[in-house]
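# Architecture and fold: a report
Residue-level listing of the chains:
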Amino acid sequence: MRVALVVSTFDRPAALARLLASVAAQRRAPDELVVGDDGSDEATARLVRAHAAAAAYPVRHAWQPHEGFRVARARNAAVARASAEYLVFVDGDMILDPEFLGDHVAAAR
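Let me sum up the structure you'll find in this document. (Residues numbered from 1 in each chain as written. Predicted model: local features only at pLDDT ≥ 70, side-chain atom pairs only at ≥ 80, totals over all residues. Heavy atoms only, no water.)

Turning our eyes to something else, we now look at the packing of helix α1 (residues 13-24) against helix α2 (residues 42-54). Their axes nearest at 10 Å, the elements α1 and α2 cross at an angle of 15°. Looking at the two axes, α1 sits roughly parallel to α2. Relative to α2, α1 is oriented so that their crossing is right-handed. Between α1, through Pro13, Leu16, Ala17, Leu20, Val23 and Ala24, and α2, the contact on the second element is made entirely by Ala43, Thr44, Leu47, Val48 and His51. Each residue belonging to the contact of α1 with α2 can be placed in one class, and the counts come to nine nonpolar, two polar and no charged. (Axes fitted to C-alpha atoms, helices over the stretch in contact; angles between N-to-C directions. Helix = DSSP H or I, 4+ residues; strand = E, 2+ residues; numbered from the N terminus. Parallel < 35°, antiparallel > 145°, perpendicular 65-115°, else oblique. Left-handed = near helix turned anticlockwise from the far one by under 90°. Contact = heavy atoms within 4.5 Å. Nonpolar A, V, L, I, M, F, W, Y, C, P; charged D, E, K, R; others polar.)

Pasting the structure below:
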């Protein structure tokens, strides 16, 4: 089963950096990572590009202009860019246990 990790974020690159470090430490890596961004500035885009350059899985950045709180729209844009059949949603200020994705896959089966 292919698993996409869908991350929602807005203008908190330090928190997103901690989340992305915890994604990199997953024992079961995602098959793809899609960041749904509700209009963050360039610091977030640079962070996502840096993670993509180091990741062994595809990383996509679904950015939209900030026009008020539209996190649901940002998540939907990320879902539209995902290709995996199983999606796991997290917020950009979370830190994932190394077994997080593996546990999700085991429970899904």
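With that settled, consider the pattern of salt bridges. Taken as a whole and assessed by the stated rule, the structure comprises seven salt bridges. For Arg28, the salt bridge goes to Asp31, with nearest N and O atoms at 3.2 Å. According to the relative accessible area criterion, Arg28 is partly exposed, its value standing at 23%. On the accessibility criterion, Asp31 (25% relative accessible area) is partly exposed. Two residues, Glu67 and Arg70, come together in a salt bridge whose shortest N-O distance is 3.6 Å. Its relative accessible area of 58% is what places Glu67 among the exposed residues. On the basis of relative accessible area, Arg70 is assigned to the buried category, the value being 18%. (Salt bridge = Lys/Arg side-chain N within 4 Å of Asp/Glu carboxyl O. Buried < 20%, exposed > 50% of the residue type's maximum accessible area, 1.4 Å probe, protein only.)

Within the span of helix α4 (residues 100-108), buried status applies to Phe100, Leu101, Gly102 and Val105. Contacts made by the buried residues of α4 are with β1 (3-9) and β4 (86-91).

Turning our eyes to something else, we now look at the pairing of strand β3 (residues 59-63). Sheet analysis places strand β2 (residues 32-37) next to β3, joined by five bridges and oriented parallel. Within β3, the residue paired with Asp37 across the bridge is Trp63. (Pairing = 2+ DSSP bridges.)

Spatially, four strands are ordered β3-β2-β1-β4 in an open sheet, and the strand pairing comes out parallel. Single-partner strands in this sheet number two, and they are β3 and β4. For this sheet, the mean inter-axis angle between neighbouring strands, taken without regard to orientation, is 20°. Helix α3 (residues 71-81) contacts β1, β2, β3 and β4 of the sheet and is inclined by roughly 150° relative to β2. Packing against the sheet, α4 makes contact with β1 and β4, and its axis sits at approximately 140° to β4.

It is worth spelling out the layout of surface pockets at this point. Empty space within the largest pocket amounts to approximately 170 Å³. Around the largest pocket, the lining residues are Ser8, Thr9, Phe10, Arg12, Ala15, Asp38, Phe69, Val71, Arg75, Asp91, Gly92 and Asp93. Those elements that provide at least two residues to the lining of the largest pocket are β1 and α3. Class assignment of the residues belonging to the lining of the largest pocket gives a composition of four nonpolar, three polar and five charged. (1 Å grid on protein atoms, 1.4 Å probe; cavity = no way out; pocket = protein on both sides within 12 Å on 5 of 7 lines; lining within 4 Å. Points joined across faces, edges and corners; volume = space filled by probe spheres on them.)

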